[in-house]
Amino acid sequence: MQGIIIATLVVGVVGLLIGIALVAAGKKFYVEVDARETAVREELPGNNCGACGYAGCDAVAAAIVKGEAPVNACPVNTQEHLERIGEIMGVEADAAARRIALVKCSGDCGSTSAKCNYVGIDDCRAAVLAGLSVASCSYGCLGYGSCVKACEFGAMRVKDGVASADPEKCVGCGLCAAACPKGLIEMVPAGDAMAVRCASRDRGPEVKKVCTAGCIGCKICMKQCEYDAICVEDNLARVDAEKCTNCGKCAEKCPSKVIRGLRA
């Protein structure tokens, strides 16, 4: 019985000493946190998506308070919360220009075909790592949904073998673009501009062999545009969203029908 009492006292004393040591260490190494950092963090969405370029919401909140990041650093924040962050920091909080995802491919199952049957992990990155040239078009969407899995907002989907983004749900975080192993997803201004949904840089005859919905670099769209909003480089047309007036003439005359509005 005496041994049990002694053991209990020893454990109690050791625990007390450890507690005192932890309290002393906590006071010695205490780092004061700016109250504004906590307030800013409460106004962030908490997705920790990394779209701001920082490790998460805590990191970007600290950067905003230190002046290392603008108050609108979070691209998925609402205007209401953005204004509150501006009030906390004592500055005007202008909303960052909203951007949405554009999948530069129109090659669905009816326009192109696969060169082989891929039976590995149902993921675009895994298919690329397998070293197989799965699609007939080497530039086209593989359709295994890496972008869908990366999107935390339900804005991406794969239909008929090609991915697309819902412009109403897309918050412009860019996670889908980072997940696409072929670099087919581009973050573009969320306006009413037209967009070329193709990434092939092959010459027209080569494009036609593998996809009926690919840009053939014919320059018809460029000739139709009255606002100098379209250029063709490396056999691929590209729309300047700042110059585009969404008149639709380029889309109407495009023989491959790869030019559509961002909300189409």
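This write-up is about the structure you can find in this document.

About the cut-offs
- Residues numbered from 1 in each chain as written.
- Predicted model: local features only at pLDDT ≥ 70, side-chain atom pairs only at ≥ 80, totals over all residues.
- Heavy atoms only, no water.
- Helix = DSSP H or I, 4+ residues; strand = E, 2+ residues; numbered from the N terminus.
- Buried < 20%, exposed > 50% of the residue type's maximum accessible area, 1.4 Å probe, protein only.
- Contact = heavy atoms within 4.5 Å.
- Areas by Shrake-Rupley, 256 points an atom, 1.4 Å probe, with all protein chains shown as cover.
- Axes fitted to C-alpha atoms, helices over the stretch in contact; angles between N-to-C directions.
- Parallel < 35°, antiparallel > 145°, perpendicular 65-115°, else oblique.
- Nonpolar A, V, L, I, M, F, W, Y, C, P; charged D, E, K, R; others polar.
- 1 Å grid on protein atoms, 1.4 Å probe; cavity = no way out; pocket = protein on both sides within 12 Å on 5 of 7 lines; lining within 4 Å.
- Points joined across faces, edges and corners; volume = space filled by probe spheres on them.
- Phe/Tyr/Trp six-rings, centres within 6.5 Å; stacked < 30°, edge-to-face > 60°.
- Left-handed = near helix turned anticlockwise from the far one by under 90°.
- Core = buried A, V, L, I, M, F, W, Y, C linked by side-chain atoms within 4.5 Å.
- Salt bridge = Lys/Arg side-chain N within 4 Å of Asp/Glu carboxyl O.
- Disulfide = S-S within 2.5 Å.

**Some points on the overall build of the protein**
Along the backbone of the protein there are 10 helices and 8 strands. Looking at the 264 residues of the protein, the share that counts as buried comes to 37%. Sequence separation of 24 or more characterises 59% of the internal contacts of the protein that already satisfy a separation of 6 or more. Element-wise, carbon and sulfur atoms account for 54% of the exposed surface of the protein, whose accessible area totals about 15,300 Å².

**Points about the packing of helix H2 (residues 35-42) against helix H4 (residues 79-89)**
With their axes 9 Å apart at the nearest point, H2 and H4 run at an angle of 170° to one another. When the interaxial angle is binned, H2 and H4 end up roughly antiparallel. On H4, the residues that touch Arg-36, Ala-39 and Val-40 of H2 are Ile-85, Ile-88 and Met-89. Looking at side-chain class alone, the contact of H2 with H4 contains 5 nonpolar, no polar and 1 charged residues.

**Some remarks on empty space enclosed by the protein**
Taken as a whole, this structure holds 5 cavities of 30 Å³ or more when the rule is applied. Along the wall of the largest cavity there are 16 residues; nearest its centre are Cys-124, Cys-141, Cys-147, Ala-163 and Cys-180. Residue classes in the lining of the largest cavity are distributed as 12 nonpolar, 3 polar and 1 charged. Of the pockets and cavities examined, the second largest cavity occupies roughly 90 Å³. Every residue lining the second largest cavity is counted, 14 residues in all, and those nearest its centre are Cys-215, Cys-218, Cys-221, Ala-237 and Cys-254.

**A word on the packing of aromatic side chains**
Aromatic ring pairs are described here by two measures, namely the spacing of the ring centres and the angle between the planes. Tallied over the entire structure, the rule returns 1 aromatic pair. For the pair Tyr-118 and Tyr-144, a centre-to-centre distance of 5.2 Å together with 50° between the ring planes defines the contact as tilted. Residue Tyr-118 is found in the loop between strand S1 (99-103) and helix H5 (124-129), and its partner Tyr-144 is found in the loop between H5 and helix H6 (146-150); the two are separated by 26 residues along the sequence. Assigned by exposure class, Tyr-118 and Tyr-144 land together as buried.

**Some remarks on the packing of H2 against helix H3 (residues 57-66)**
Contact geometry for H2 and H3: axes closest at 9 Å, N-to-C directions at 130°. By the angle between their directions, the pair H2 and H3 is classed as oblique. Once H2 is placed against H3, the crossing between them reads as right-handed. Contacts between H2 and H3 pair Arg-36, Glu-37, Val-40 and Arg-41 from the former with Cys-57, Asp-58, Ala-61, Ala-62, Ile-64 and Val-65 from the latter. Split into classes, the residues belonging to the contact of H2 with H3 amount to 6 nonpolar, no polar and 4 charged.

**Brief notes about the nonpolar core**
If you look at the biggest cluster of nonpolar residues, it comprises 22 residues, and the most contacted ones within it are Met-156 and Ile-185. Every element with two or more residues in this core is listed here: S1, strand S3 (162-165) and strand S4 (185-189). If sequence neighbours within four positions are ignored, Ile-185 has contacts with Ala-101, Leu-102, Val-103, Cys-147, Met-156, Cys-176, Ala-177 and Cys-180. Judged by nonpolar contacts, the second largest core, of 21 residues, contains Met-194, Ala-237, Val-239 and Val-258.

**Re the pattern of salt bridges**
One pass over the structure, following the stated rule, counts 10 salt bridges. For Lys-104, the salt bridge is made with Glu-186, and the minimal N-O distance between the two is 3.7 Å. Taken together, the positions of Lys-104 in the loop between S1 and H5 and Glu-186 in strand S4 put the pair 82 residues apart, joining distant regions of the chain. The buried category is assigned to Lys-104, whose relative accessible area is 18%. The shortest N-O distance in the salt bridge between Glu-206 and Lys-209 comes to 3.4 Å.

**As for the state of the cysteines**
Summed over the entire model, instances satisfying the criterion amount to 0 disulfides. With no disulfide partner, Cys-151 has as its closest neighbouring cysteine sulfur the one in Cys-173, 5.9 Å distant. Of the residues examined, Cys-151 reaches a relative accessible area of 15% and is grouped as buried. Summary of cysteine pairing: Cys-218 is not part of a disulfide, and the nearest cysteine sulfur, belonging to Cys-221, is at 6.0 Å. Taking the relative accessible area as the measure of exposure, Cys-218 reaches 31% and is therefore partly exposed.

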